[in-house]
Amino acid sequence: MVTVEKSILIERPIDEVYQYAADPTRWYQWYAGLSEPRNLKGQGETGTTMDLDFNILGMQLPVIVAVTENSQNGNGYTWKGMVKGSIDSLQNWTYTPEGNGTRVDYFEEYEVPHSLLMKMADKLIIKKLMSNAMDQSLKNLKDVCESSKTTAL
């Protein structure tokens, strides 16, 4: 397994950031390389499933995402999901109030199948690409949340 961990502080109230970020119909707007969902069953709550494509190095990789947890814990929120397909992974997002903003922590463990590994070079390059994609995704989320003038984002 390969892991990626990232954090960012977003200067926006936690409820607004979380409601926007946990909405699967909006993921493609900020998550680098992700398509709009297809076959969406649910609205983002635990049990929601959907088909997506993740684009990396010009390859379109089909995946199925299942939300395994979407809950409030104290003043924060937790979102967990399982990704199956060309790349299998477990993602864990936590949203914690920090000052007037929101700290977003991301942790992912993923497995790259041997066939895909052969197509995309080696594990170190893939880890760098995945890390860069998440850096861009978190920056996109921050930019959208902080630049929006409405409370509904």
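See the structure shown above.
Residues numbered from 1 in each chain as written. Predicted model: local features only at pLDDT ≥ 70, side-chain atom pairs only at ≥ 80, totals over all residues. Heavy atoms only, no water.

Considering the overall build of the chain
Helix and strand counts for the chain stand at 4 helices and 7 strands. Among the 153 residues that make up the chain, the fraction classed as buried is 44%. In the chain, the proportion of contacts linking residues at least 24 apart, taken out of those at least 6 apart, comes to 46%. Surface summary for the chain: the accessible area is close to 7,900 Å², and the carbon and sulfur share equals 52%. (Helix = DSSP H or I, 4+ residues; strand = E, 2+ residues; numbered from the N terminus. Buried < 20%, exposed > 50% of the residue type's maximum accessible area, 1.4 Å probe, protein only. Contact = heavy atoms within 4.5 Å. Areas by Shrake-Rupley, 256 points an atom, 1.4 Å probe, with all protein chains shown as cover.)

A closer look at unusual backbone geometry
A positive phi is found at Asn39, a non-glycine position, where the angle reads about 55 degrees. With respect to the helices, strands and loops of the structure, Asn39 is situated in strand S2 (residues 38–41).

Structural notes on the environment of Thr49
Tracing the backbone shows Thr49 in strand S3 (residues 49–56). Taking relative accessible area as the criterion, Thr49 reaches 26% and is therefore assigned partly exposed. Residues Thr49 and Ile64, 15 residues apart in the sequence, show an inter-C-alpha distance of 7.1 Å.

As for the pairing of strand S7 (residues 101–111)
For a regular strand, side chains alternate in direction, first toward one face of the sheet and then toward the other. Strand direction decides the pairing type here: strand S1 (residues 2–10) and S7, joined by 9 bridges, are antiparallel. Pairing of Leu9 across the sheet is with Arg103, part of S7. Sheet topology places strand S6 (residues 88–98) next to S7; 11 bridges connect them, and they run antiparallel. Note on S7: the bridge partner recorded for Ser89 is Tyr110. Connecting S6 to the antiparallel partner S7 that follows it, the hairpin turn spans 2 residues, and Gly99 within it adopts a positive phi of roughly 60 degrees. (Pairing = 2+ DSSP bridges.)

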